[in-house]
Amino acid sequence: MRMCIQAVTVTTSETLVRDLREAVSSGGLTVAYQPQFALDEGPPGGRPVAVEALCRWTHAPYGEIPPATFIPLAEDARLVEEIDIQVLERGAAQILDWSLSGRRIGLASNASPSHITMEYAEEVIARLEGTGLDPALVAIEITEAPSPQLLPEMRGALARLRSFGVAISIDDFGAGDTPIEMVESLPIDEVKIDRSLTQRADAAADAIVADVVSRARSQGWRVVAEGIETSDDLARSVRRGCHRGQGYLLGMPMSAEGIERLWDAPTLRG
Ligand code: C2E
Ligand code: MG
Ligand code: MG
């Protein structure tokens, strides 16, 4: 019985990888945008300062497949770099369009640590240069736990991206066990506090975030609180000194038109 279930699972994931490859090559993936708001300029509200581009895949016939399922498959099948470049390129075109219509909104785009090489950095720079977009509007988010073998090459690639003007962000800090000293050894501009820490009200969580905020002050980083779901999460993130906030309370991931509506009528929340 167990062998049977394993066989079905393998077949399903092989089918999914085949379909994902097809979706990637035919432009079948889409992008949702989740707004980020300033928390350090009075009560959060008003217009978003940036959006995070989040990849979406609607599979026929399975429907919407979450990134938590398809990104690991893409990593194993070596498709993730292409996905990350596509999402970045689409997001960059979108914020360029917004900036041309007077809406200055930054972009954060995710990148899997498995492919942060010098070639990837040059590819990103070539694509962004082609758009004429101000690179200062763009941040690349990498998950916090790059394996030690990848670190030396990653450091060089991140430094190259920063020298071009793109910000580097460490995503999901606190979700794993990466020490802050390791994060501090990377050339970065931003740390995103994982939602598990944002939503914890205990003194130990306060102390971890206080340490990040204090290092951020001396290193010049921006601190973004992720996973703000309740008004308590929001008040806690403001009190902790986070510069920006993101989460379902402030705005769900939405279409580009949804972000435009937020910008144009800033009291509306997605
Ligand atoms: P992430 O980069 O940390 O993105 C935030 C995730 O948390 C998103 O899930 C978002 O919908 C969700 N989220 C936002 N606010 C809240 C909240 O208040 N509460 C809760 N519970 N969740 C919230 P999503 O879109 O399912 O993406 C999951 C992860 O998949 C992302 O986490 C990122 O690691 C990865 N991912 C998504 N798009 C891409 C991509 O284009 N490239 C790569 N490499 N990874 C991606
Ligand atoms: Mg992210
Ligand atoms: Mg995150």
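What counts, and at which threshold
One numbering rule holds for all chains: residues counted from 1, following each sequence as written. The lettering of chains begins at A and the numbering of ligands begins at 1, in the order of writing. Owing to the predicted nature of the model, reporting of local features is limited to residues with pLDDT of at least 70; listing and counting of side-chain atom pairs is limited to 80 or more, with chain, interface and lining totals taken over all residues. Note that the side-chain values use all heavy atoms of the structure and ignore hydrogens as well as water. Numbering of helices and strands starts at the N terminus; helices are DSSP runs of H or I of at least 4 residues and strands are runs of E of at least 2. Note on method: radius of gyration uses C-alpha positions; expected globular size equals 2.2 Å times residues raised to 0.38. Remark: exposure states derive from per-residue accessible area (1.4 Å probe, protein chains only) relative to the maximum for the residue type, with buried under 20%, exposed over 50%, and partly exposed in between. Any two residues whose heavy atoms approach within 4.5 Å at even a single point are treated as in contact. Per-residue accessibility takes into account occlusion by the displayed protein chains alone, with areas from the Shrake-Rupley method and a 1.4 Å probe. His is not counted here, nor are the chain ends, while Lys and Arg score as positive and Asp and Glu score as negative. We put the charge of a Lys on NZ, of an Arg on CZ, of an Asp on CG and of a Glu on CD. Only buried residues count toward a nonpolar core. Its members are Ala, Val, Leu, Ile, Met, Phe, Trp, Tyr and Cys residues joined through side-chain atoms within 4.5 Å. Residue proximity to a molecule or strand is established when one non-hydrogen atom of the residue lies within 4 Å of it. Counted as a polar contact is a pair of N or O atoms within 3.5 Å, where, for protein atoms, one must be capable of donating a hydrogen and the other of accepting one, and residues adjacent in sequence contribute only when both atoms are in side chains. Expected helix span is given by 1.5 Å per residue-to-residue step, counting one fewer step than there are residues. With water excluded from the atoms, a metal site may look incomplete; its donors are any N, O or S atoms within 2.8 Å, or within 3.2 Å for Na, K and Ca.

Peer 1: Just to check I follow, could you spell out the overall build of the chain for this structure?
Peer 2: Looking only at helices and strands, the chain features 10 helices and 9 strands. Against the compact-globule benchmark of 18 Å for 270 residues, the chain has a radius of gyration of 19 Å, which places it among compact chains. Relative to its 270 residues, the chain shows a buried fraction of 48%. At a minimum sequence separation of 6, the contacts of the chain that also span at least 24 residues come to 69%. Of the roughly 12700 Å² that the chain leaves accessible, carbon and sulfur atoms contribute 54%. Placing the 25 positive and 40 negative side-chain charges of the chain at their respective mean positions leaves the two points 3 Å apart.

Peer 1: Would you mind going over the nonpolar core with me for this structure?
Peer 2: One broad trend across soluble globular proteins is that nonpolar side chains are buried collectively. With 77 residues, the main nonpolar core has Leu 20 and Ile 140 as its most contacted residues. When residues in this core are grouped by element, the largest group, 8 residues, is from helix H3 (residues 80-100). Setting aside residues no more than four positions away along its own chain, Ile 140 makes contact with Leu 88, Ser 109, Ala 111, Tyr 120, Val 124, Leu 161, Val 166, Ala 167, Ile 168 and Ser 169.

Peer 1: Which parts of the structure should I look at to understand the site of ligand 1?
Peer 2: Every one of the 23 residues lining ligand 1 counts as a neighbour, but Arg 56, Asp 84, Asp 171, Glu 229 and Tyr 248 are closest to it. In this structure, an oxygen atom belonging to ligand 1 sits 2.8 Å away from a side-chain N or O atom of Arg 56. At 2.8 Å from an oxygen atom of ligand 1 is found a main-chain nitrogen or oxygen belonging to Tyr 248. Considered on its own, ligand 1 offers 790 Å² of accessible surface; in the complex 84% of this is hidden by protein. For the shell around ligand 1, the secondary-structure elements that each account for two or more residues are strand E2 (50-59), helix H2 (67-76), H3 and strand E6 (167-173).

Peer 1: I tried to follow H3 on my own but got confused; where do I start?
Peer 2: Two residues of an α-helix separated by three or four positions point the same way, owing to the 3.6 residues in each turn. A rise of 1.5 Å per residue sets the reference length of H3, with its 21 residues, at 30 Å; its end C-alpha atoms lie 30 Å apart and thus fit the reference within 8%. Positive phi appears at Gly 102, one or two residues downstream of H3, with a value of about 85°.

Peer 1: Got a minute to help me understand the coordination of the magnesium ion (ligand 3) in this structure?
Peer 2: Note on the magnesium ion (ligand 3): its protein donors are Asp 171 (OD), Asp 172 (OD), Glu 226 (OE) and Glu 226 (OE). The metal-donor distances range over 2.0 to 2.4 Å. The motif formed by the donor residues of the magnesium ion (ligand 3), counted along the single chain, is D-D-x53-E. Taken as a pair, the magnesium ion (ligand 3) and the magnesium ion (ligand 2) lie 3.9 Å from each other and share Asp 171 as a ligand.

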